[in-house]
Structures are given as structure tokens and as C-alpha cells.
Amino acid sequence: KDSFLLDGKEAEFTPQSGNPNAPPAKGKRTGAWLPNGKGFFLEEVVQTKNPQGEDVTINVSRKWTQWPDGTISIETIQETPRGTFNNKRVFVKKA
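Draft legend 1. Molecular detail of the side chain of T76. Take T76: it is sitting in strand 5 (residues 72–80). Leave out the neighbours within four places in its chain, and T76 touches V60, S61, R62, F85, N86 and N87.

Rendered as C-alpha cells:
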């Protein structure tokens, strides 16, 4: 379970991990509504450790947008020591 504050203030959160053996990570998140009110964005900085025990910083930017036809898109940019990854998911509302 995850929740987002959209007040523009930085808040600490516990990042979710798909690996039960991973050390606990710490994160800071800022979220706010888009200027047009049609969605919101999040900026996250996650501090964790890699399998060798070295400190790792991951920056994540996410933008949720609702379009006039009801379609919802989620754009994610993740910057890690292994590179930058972009992902876009689109959810189409069926009539």
C-alpha cells in the first residue's frame, strides 16, 4: 500500500521492494497537482544499498495525467547508477 501527499512539501516514505532480502530503503517524496488540475506529479529520492553493500541513490519522477476522453497516462523516469529508464503506461477508458 502506498499513498501520496500532493501539497508540494517534501515527506519521508518507505519505498516498496520486490526483494524480501533487500535491506530497508529510505525515501523522500514531493508531490503536487499539475497546474491544469488534470493530474499530478511526484519526485522521489530513494537511498538504498546494492548487493555489494554500497550506497545507491535512485531518483524517480512520475506524472499521472487524465485526458479529456478519460484516458489516464502514467509517465515514469528512473535514474539509477545503471542508467536512466523511461516508462509510459496508458489506461484507456472503454465506453
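Draft legend 2. Examining the packing of aromatic side chains more closely. Under the criterion given, the structure shown has four aromatic pairs. Taking 5.4 Å as the distance between ring centres and 50° as the angle between the ring planes, the aromatic pair formed by F4 and W64 counts as tilted. Placement of the pair is F4 in the segment before strand 1 (11–13) and W64 in strand 4 (residues 55–66), with a sequence separation of 60 residues. For F4, a relative accessible area of 30% corresponds to the partly exposed category. Chaining the aromatic ring pairs together yields one cluster made of F4, W33, F40 and W64.

Draft legend 3. Structural view of the nonpolar core. Counting six residues, the largest nonpolar core is built from F13, A25, V46, V56, I58 and V60. Top element by residues in this core is strand 4. It accounts for three residues. Sequence-distant contacts of A25, defined by excluding residues within four places in its chain, comprise T14, P15, V46, Q47 and T48.

Draft legend 4. Seen up close, the pattern of salt bridges. Inspection of the entire model under this criterion finds five salt bridges. Where E44 meets R29, a salt bridge forms, and the shortest distance between an N and an O atom there is 2.7 Å. Remark: R29 occurs in strand 2 (residues 26–33) and E44 occurs in strand 3 (residues 39–49); sequence separation between them is 15 residues. Like E44, the residue R29 is buried in the burial classification. When the shortest N-O distance is used, the salt bridge between K49 and D55 registers 2.6 Å. Assessed through its relative accessible area of 40%, K49 is described here as partly exposed.

Draft legend 5. Main features of the environment of F91. Note on placement: F91 falls in strand 6 (residues 83–91). The spacing of F91 and G70 is 21 residues in sequence and 8.7 Å in space, taken between C-alpha atoms. F91 has contacts with G70, T71, I72 and I74, leaving out every residue within four places of it along the chain.

Definitions and cut-offs
- Residues numbered from 1 in each chain as written.
- Predicted model: local features only at pLDDT ≥ 70, side-chain atom pairs only at ≥ 80, totals over all residues.
- Heavy atoms only, no water.
- Helix = DSSP H or I, 4+ residues; strand = E, 2+ residues; numbered from the N terminus.
- Contact = heavy atoms within 4.5 Å.
- Phe/Tyr/Trp six-rings, centres within 6.5 Å; stacked < 30°, edge-to-face > 60°.
- Buried < 20%, exposed > 50% of the residue type's maximum accessible area, 1.4 Å probe, protein only.
- Core = buried A, V, L, I, M, F, W, Y, C linked by side-chain atoms within 4.5 Å.
- Salt bridge = Lys/Arg side-chain N within 4 Å of Asp/Glu carboxyl O.

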